[in-house]
Structure formats: C-alpha cells, structure tokens
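Here is what each chain is made of, one letter per residue.
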Amino acid sequence: MTKRVKIIVPIPMDEDSVANRSKQLPDEIIAPGYAAEFVSVKAGAAFGDSYHDALLMDFSVMEAGLAAQNEGYAAVCIDTVSDSALYPLRSRLDIPVFGPGGLGYYAACMLGQKFSIISMWDKWYHFYKKNLNEYKLWDRLASMRNIDTRPDLKELLAGKEEVIFRKLEEESLRAIEEDGADVIVLGSTTMHQSHAYLAERLPVPVINPGLVMYKFCEAMLAMNLSHSKRAFPQPEAPNDALFHSFGN
C-alpha cells in the first residue's frame, strides 16, 4: 500500500507554481511505495519577509495540515525552512510531521563542525534566528549570508540561473573562506534549483533542506517512528474550526 506524504506549500499558489516547487523531488528520488503530494495553503502570506507573514504562515500551514491524518496521509512535510506550524501540527496529529529547517541544520551538523546559511535576501533571517534559538544551534553557525535578491516564490530561479547561481557560489565561497563554514545550507526550499550547481563547484557539502526533509520522512515511516506525544500533547480543547475558517 502506497504511503502518501502531504507536502504543504506555505504560500497560496496556482497549480503551475505548485508544480514548480514539486520539482525539488524528482520521481527517481521518491522510493517505491511512497507518493509525495504537494498542496498549497488556501490563503496567507506573500513572501515570508516579516513577522507579520510568519504568523500568517503558521496559521495557514496549520489549517492545511489538520486534515492530513483523516485524508489518509502517512505523514506531513512543510515546504519551508521556517518550519511553520511544525510543533502545533505535531500536537494535533499522530502521523509524523517534519520541517526542513531543523532537519537541514542537523544534517549539516552531522557532516561538519560549522555551517553557513546562504539566502536570497536578509528578510528571511528572522526565520533562521527563530529556528537557531528553538534548536539551540547558534554555536554551530558560522554565518548567515545573502545575495540581496528579491525572490520569486512562484517561478523560483527559472530564467535567472546564470546570474543567481554565480552569486550564490560567490557568497558561499566567502562563507567558507572568511567565516569558517565547512557545510553550506540553502536558506530556502525555493532555492533547490541551485543545489546541483553549488554541490558540483563548492569544496564542502551543500544541504538541500527540502530533499533532506523528505528522505528523512521516508526513513521514519519505514521504521514506523513518529513524534513523541509526551513532547507534543494534544490540546484539551482543540478549535480546528477556527483554522478551517481561515481563507473562506
């Protein structure tokens, strides 16, 4: 029986844009017996560029994930390194819920001593700071760097590869040579198109957070493991209807 994984896109998008994001998991990456299904939130944030958008992302991702267990999904993955609504969804669901932010950082810690986060712009730094605080990983961070380029969350890097990829390479090399990074972490799942280019050219491992998250999800499902309900207990008085009213 196929194990379906619901992958929640945290920004409202049309089918074509969701399809662009799904390309981070090509068919050959998905193990036999598993299916990755990308689903957009109904409403919410535009860019994730502020605490305002962060709150909207938490709310909209929560709404999109609440029904996953009843819909027959085996797990939920959150397609944003912000790990939006990760802990709240774990408190409502018995099926495992994963985010690429923490998993990407922990993977970097297993491969090196210090990692740098390479981002499109500094307006996403608030997400990184939140997760570094939550996962207590500041001592493993070499730096956060960006290429000062406004992201296109729907078209991603298409049509801009030559310029964007080179900028990301240059900033990554600075992180390695000047900041002491021995692992590079891409600062967004929307940057997945640059992974192969950077992995081929940089002298250190490059973490593609969305891919790390999905393969970790498969591994946990294969071992029949999920989050601890002692760590993430159910609320005594859940109010799912409030979330489902969002965007209606």
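The structure contained in this document is the topic of the report that follows. (Residues numbered from 1 in each chain as written. Predicted model: local features only at pLDDT ≥ 70, side-chain atom pairs only at ≥ 80, totals over all residues. Heavy atoms only, no water.)

A word on the sheet that holds strand β3 (residues 75–78)
In spatial order, the strands read β2-β1-β3-β4; together these 4 strands make up an open sheet with parallel pairing. Two strands in the sheet have a free side with no partner beyond their single neighbour: β2 (34–40) and β4 (97–98). The sheet contacts of helix α1 (residues 15–22) involve β1 (3–9) and β2, and relative to β2 the element is tilted by about 135°. (Pairing = 2+ DSSP bridges. Helix = DSSP H or I, 4+ residues; strand = E, 2+ residues; numbered from the N terminus. Contact = heavy atoms within 4.5 Å. Axes fitted to C-alpha atoms, helices over the stretch in contact; angles between N-to-C directions.)

Examining the packing of aromatic side chains
Scanning the entire structure with this criterion turns up 9 aromatic pairs. Their ring planes at 90° and their centres at 6.2 Å tell us that tryptophan 121 and tryptophan 124 sit as a pair that is edge-to-face. The burial state of tryptophan 121 is the same as that of tryptophan 124; both residues are buried. Cluster of aromatic residues (ring-pair linked, three or more members): Phe47, Trp121 and Trp124. (Phe/Tyr/Trp six-rings, centres within 6.5 Å; stacked < 30°, edge-to-face > 60°. Buried < 20%, exposed > 50% of the residue type's maximum accessible area, 1.4 Å probe, protein only.)

What to know about unusual backbone geometry
Apart from glycine, the bulk of residues carry a negative phi angle, and the bulk of peptide bonds sit in the trans form. A positive phi angle, close to 55°, is found at aspartate 83, a residue other than glycine. Structurally, aspartate 83 can be placed in the loop between β3 and α3 (86–92). With a relative accessible area of 5%, aspartate 83 lands in the buried category. Phi is positive for alanine 85, which is not a glycine, with a value near 60°. Tracing the chain through its elements places alanine 85 in the loop between β3 and α3.

In short, shape yes, function no, at least from these values alone.
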